[in-house]
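# Summary of the model geometry
Residue strings, one per chain:
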Amino acid sequence: MIEAQQLTKRYGEKTAVDRLDFTVKPGTVTGFLGPNGAGKSTTMRMIVGLDAPSAGSVTVNGRRYAEHAAPLQEVGALLEAKSIHPGRSAFNHLNTLALTHGIPRRRVDEVIEMTGLQQVAKKRAGAFSLGMGQRLGIAAALLGDPATIMLDEPVNGLDPEGVLWIRNLLIGLADDGRTVFVSSHLMSEMALVADHLIIVGRGRLLADTTVEGLIRQSGGDTVKVASSDPARLRELLAGPGVEITGRSGSEELEVTGLAARAIGLKAAEHNIALFELHTKAVSLEEAFMELTRDAVEYHGTTTTAAVEAAETVGSAA
Amino acid sequence: MSTATATPTDAPAAPERAGRPAYKVTAARVLRSEWAKFWSLRSSWITLTLALFFVLAFGLIRAWRFKANLDAGQHMDPDMLGANAVSLTLFGLNFGQLALGVLGVLVAAGEYSTGMIRSTLAAVPRRLPVLWAKAVVFGVVALVVGTVGAFVAFGFGSGIVSGTRAALTFSDAGVLRSLFMAGLYLALIGVCGVALGALLRSVAGGIAILVGVLMLVPGLVSLLPTSWQNNVSQYLPSHAGDSMYALHQDAHTLAPGTGLLVLALWTALALAGAAYRLKRTDA
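Residues numbered from 1 in each chain as written. Chains lettered and ligands numbered in written order. Predicted model: local features only at pLDDT ≥ 70, side-chain atom pairs only at ≥ 80, totals over all residues.

## Observations concerning the domain arrangement of chain A
The domains assigned to chain A are domain 1 (2-209) and domain 2 (221-281). In this structure, domain 1 of chain A and domain 2 of chain A have C-alpha centres spaced 46 Å apart. (Domains from an automatic or database assignment.)

## Brief notes about the pairing of strand 9 (residues 204-210) of chain A
Residues and elements named next belong to chain A. Two elements, strand 8 (residues 196-201) and strand 9, share six bridges in a ladder whose sense is antiparallel. Looking across to strand 9, one finds that Gly-201 is bridged to Arg-204. Linking two consecutive strands that pair antiparallel, namely strand 8 and strand 9, is a turn of two residues; a positive phi of about 50° is found at Arg-202 within it. (Pairing = 2+ DSSP bridges. Helix = DSSP H or I, 4+ residues; strand = E, 2+ residues; numbered from the N terminus.)

## Description of the nonpolar core
Formed by 163 residues in total, the largest nonpolar core has its most connected members in Ile47(A), Leu94(A), Ala139(A), Leu143(A), Tyr185(B) and Ala195(B). Ranked by residue count, the leading element in this core is helix 9 (residues 175-200) of chain B, at 17 residues. Dropping the residues within four chain positions of it, Ala195(B) is found in contact with Thr267(B), Ala270(B), Leu271(B), Gly273(B) and Ala274(B). Within the second largest apolar cluster, eight residues are counted, among which are Val225(A), Leu233(A), Val255(A) and Ile263(A). (Core = buried A, V, L, I, M, F, W, Y, C linked by C-beta atoms within 7 Å. Buried ≥ 20, exposed ≤ 12 C-beta atoms within 10 Å, placed from the backbone. Contact = placed C-beta atoms within 7 Å.)

## Some remarks on helix 3 (residues 90-101) of chain A
Residues separated by three or four positions in an α-helix point in the same direction, a consequence of the helix having 3.6 residues per turn. When the terminal C-alpha atoms of helix 3 of chain A are compared, their 18 Å separation across 12 residues agrees well with the 16 Å that a helix rising 1.5 Å per residue should span. For helix 3 of chain A, the tally of buried residues reaches 12 of 12 residues, placing the bulk of the element in the interior. Residues of helix 3 of chain A that are buried include every one of Ala90(A), Phe91(A), Asn92(A), His93(A), Leu94(A), Asn95(A), Thr96(A), Leu97(A), Ala98(A), Leu99(A), Thr100(A) and His101(A), and no others. Where helix 3 of chain A is buried, its residues contact helix 2 (71-74), helix 4 (105-114) and helix 5 (130-142) of chain A together with helix 2 (27-39) and helix 7 (116-123) of chain B. Of the residues one or two after helix 3 of chain A, Gly102(A) is the one with positive phi, at around 75°. (Expected span 1.5 Å × (residues − 1).)

## Points about the sheet that holds strand 4 (residues 55-60) of chain A
Residue and element names in this part refer to chain A. In space, the three strands of this open sheet follow the order 2-1-4, with antiparallel pairing throughout. Pairing within the sheet leaves two strands with one partner each, and these edge strands are strand 2 (14-24) and strand 4. The mean angle between the axes of side-by-side strands here comes to 20°, regardless of whether they run parallel or antiparallel. Here seven bridges tie strand 1 (residues 2-11) to strand 2, and the two strands are oriented antiparallel to one another. Of the residues in strand 2, the one forming a bridge with Leu-7 is Leu-20. Taken strand by strand, helix 1 (residues 40-47) contacts strand 1, strand 2 and strand 4, and its axis lies near 115° from that of strand 1. (Axes fitted to C-alpha atoms, helices over the stretch in contact; angles between N-to-C directions.)

## Observations concerning the pairing of strand 3 (residues 29-33) of chain A
Residue and element names in this part refer to chain A. With respect to burial, strand 3 is a largely interior element, five of its five residues being buried. Along strand 3, one buried face is formed by Val-29, Gly-31 and Leu-33 and the opposite face, lined by Thr-30 and Phe-32, is buried too. Bridging between strand 3 and strand 7 (residues 179-184) involves five bridges; their strand directions are parallel. Residue Val-29 lies in a different strand from strand 7, and its bridge partner there is Val-180. As paired elements, strand 3 and strand 8 share four bridges and run parallel to each other. Looking across to strand 8, one finds that Leu-33 is bridged to Ile-199.

Next up, the structure:
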């Protein structure tokens, strides 16, 4: 469990992380999304105490990370791939970390096996490929058998095989009942593994939602309907949970909260001719782009801006 | 209320993690970790060997030249005229201190230049135990290497100059004190290196300051008027160190014990600066 309260980090004039509030709950994969420079890495560094917050706080299992007697047992973190001394072997690297906690050598061998590093464990870590370096970083994160695993951009620069390995590992860790907190700027990657999403842009929280929630929020299940009598159709479709927008003089309506099938049936029942009826499928990628673009272009997003942006995406697609 | 509705709220938020081993970060464990870190790098072995080589080689060459000049009846350098077996054989300390000081800088600043510091501080987020452990580990290593170097250099070197006016043996007054102080001097310079490395977080910067303080500042101070020089010079780290292991004291050098105290204070100052930066600034 990771809890951030009004977490803020300023570097001089620049605010890298701006009053973030979020909770990462156990037993799920939580994706931490945002464009490059959104403050994801800084937030993760604050979680493990490498950077001190300018204001606010972040706790891990109820306490600041540094206050835990065995921090590696609380959170295992992969921050940047090369948090190693290139002159030390993989085994020695892991062993020096294990020694600080009294973690037995048996566990070091275990994580080496789990990450498939047996063949290269005695080699200098500086000679490792990016993928191997990433595996070593993950081995270090797993060392204390922590309930929470935090990974910063774990698939960056990996080949397809490496990406697949990370993806399966994340799902496996969550199935074990662990809290997995993983950052990425690639929505497509997150969509495959994450249950919950925390989205940031320019250091601010844009969304704290589920994958389905994000799609719904972005008008993912909006149905576009063009008819002979939009005004009448509008009256017919209106009901609780249904939202309808449309410009006056246009024969098009945009309906959320109703399936295309239900709209078609309703129109047929009342003899309204339909010229067009289709569901606008907004991909997760588009939803994310739209959300973060808003954050960049218009500070303090308004509803009209969001609707306009949705229309642009819709017509472009 | 049926049991079915109660179940979700009763379900544990976190998975059952009973029976996990209770790990704990302790000062002794951080010390063991730093000890393992030090010996698992090839650069440590190479630089220590180099330091030992410098102490022995330059000491023995100096002793041999003294003997050769004396035998040949040649004119002798003024700084070698009043030499004794201790001052001749410990000549290599000037070079050994650079090797050990640089290795000390590497022990601390090397973690920053490589990125290892992130792993280190994630494991020990209280941070200060890491600095103390590095200082102790490297201080002890440098003490052993320095003391062994001083004793071996004197052991062979005193044989070379035996029978000359510089001749001394282990049993002569002050010799053992000089040799142990020589080891202690190198240990303190090594710890200074660790502190500078942690303070500056840069290998190049740490080495520059170390070399500057040990070699350039004494030269600059010698440009000052003599009356100032006599007051200032003796408190410089390198000169305080000289007086620790010199067999005889001049009018303007400190007593060995005072020299040790002065160098220890310099070291403590550097460590305090390093501790402040480590604790206060982001890694």
